[in-house]
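# Structure assessment
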Amino acid sequence: MDTNRKDIAGDERQITWHTMDITREYREKLLGQKAAVIWLTGLSGSGKSTLANALEQKLVEKGRHTMLLDGDNVRFGLNKDLGFSKEDRVENIRRIAETAKLMNDAGLIVLTSFISPYREDRLAARKIIGDAFIEVYVSTPLEECERRDVKGLYQAARKGQIAEFTGVTSEYEPPQHPEVTVDTSKAQIADSVNILLSELEKYGI
């Protein structure tokens, strides 16, 4: 019997996990880097996407192999069937975590930019991804995010045109113990990226 195979039975079907010879560790050696998921969370307008994009550019300049998953972009494809109810948001984060884990297995450094408002869901993502998970809390205050109102969403939410909008009609639960915290209202994007790069060095990124 192959002790490296795990049988899972359920719903009248049987799924067998196949252990592959080419592992994440092997791919990391090929790429010369440590795989990780840099999970940026924060309110809409906090600067997550801008920060993730700028950080990826710097990592690529350093010769790192990366992939950026953006909250809006993912909803055009992988998660196009999901809405913004609490249940759909939970599923949205679960799928992203599983996708990021697969990319980690390919040896990549994955950056994710998602509001991911619920603490429980981020903890679930951390459990799926494991010790490669690095949580970055973009802690820009609600007042600043609403002042920017980059997409006009806060204004629409205040008018009742958008239901379940995080920060207005839906709660955002800040991380309790993020690996890194940055506030884009107190530092320019370039400075915030430098802060992140310095912190990520502690994790071998």
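The structure contained in this document is the topic of the report that follows. Just so it is clear, the structure is predicted and the values come from calculations on it, not from any experiment.

With that settled, consider the pattern of salt bridges. Inspection of every chain in the model, using the stated rule, returns 13 salt bridges. The residue Asp 105 makes a salt bridge to Arg 24 at a minimum N-O spacing of 3.1 Å. Residue Asp 105 is located in helix H4 (residues 86-105), and its partner Arg 24 is located in helix H1 (residues 24-31); the two are separated by 81 residues in the primary sequence. A residue is classified by how much of its surface remains accessible, and Arg 24, at 16% relative accessible area, is buried. With its nearest N and O atoms 3.8 Å apart, the salt bridge here joins Lys 58 to Glu 61. Highlighted residues: Lys 58 and Glu 61, both in helix H2 (residues 48-61), separated by three residues, approximately one helical turn. A relative accessible area of 36% places Lys 58 in the partly exposed class.

Within the secondary structure, Phe 165 sits in the loop between helix H7 (153-158) and strand E7 (180-182). When the C-alpha atoms of Phe 165 and Ser 198 are compared, they prove to be 33 Å apart, with 33 residues separating the residues in sequence. If sequence neighbours within four positions are ignored, Phe 165 has contacts with Ser 44, Arg 89, Leu 153, Tyr 154, Ala 157 and Ser 170.

What follows covers the packing of H4 against helix H5 (residues 119-129). Where H4 contacts H5, the two axes come as close as 9 Å, and the packing angle between them is 25°. Relative to H5, the element H4 is oriented roughly parallel. Where H4 crosses over H5, the handedness of that crossing is right-handed. Of the residues in H5, those in contact with Arg 89, Val 90, Ile 93, Arg 94, Ala 97, Glu 98, Ala 100, Lys 101 and Asn 104 of H4 are Asp 121, Ala 125, Ile 128 and Ile 129. Among the residues making up the contact of H4 with H5, the classes are represented as seven nonpolar, one polar and five charged.

Turning our eyes to something else, we now look at the nonpolar core. Counting 20 residues, the largest nonpolar core has Ile 38, Leu 55, Leu 59 and Val 136 as the members making the most contacts within it. Of all the secondary structure elements, the ones that give two or more residues to this core are strand E3 (36-41), H2, strand E5 (109-113), strand E6 (133-138), E7 and helix H8 (189-201). With five residues, the single largest contributor to this core is H2. Apart from the residues lying within four places of it in its own chain, the contact partners of Leu 59 are Ile 38, Arg 64, Thr 66, Ile 109, Leu 111, Leu 197 and Ile 205. Counting 14 residues, the second largest nonpolar core, distinct from the first, contains Val 74, Ala 100, Val 110 and Ala 132.

Moving on: the side chain of Ser 170. Counting through the fold element by element, Ser 170 comes out in the loop between H7 and E7. Leaving out residues up to four positions away in the same chain, Ser 170 has contacts with Arg 89, Tyr 118, Glu 164 and Phe 165.

Conventions we followed
Residues numbered from 1 in each chain as written. Predicted model: local features only at pLDDT ≥ 70, side-chain atom pairs only at ≥ 80, totals over all residues. Heavy atoms only, no water. Salt bridge = Lys/Arg side-chain N within 4 Å of Asp/Glu carboxyl O. Helix = DSSP H or I, 4+ residues; strand = E, 2+ residues; numbered from the N terminus. Buried < 20%, exposed > 50% of the residue type's maximum accessible area, 1.4 Å probe, protein only. Contact = heavy atoms within 4.5 Å. Axes fitted to C-alpha atoms, helices over the stretch in contact; angles between N-to-C directions. Parallel < 35°, antiparallel > 145°, perpendicular 65-115°, else oblique. Left-handed = near helix turned anticlockwise from the far one by under 90°. Nonpolar A, V, L, I, M, F, W, Y, C, P; charged D, E, K, R; others polar. Core = buried A, V, L, I, M, F, W, Y, C linked by side-chain atoms within 4.5 Å.

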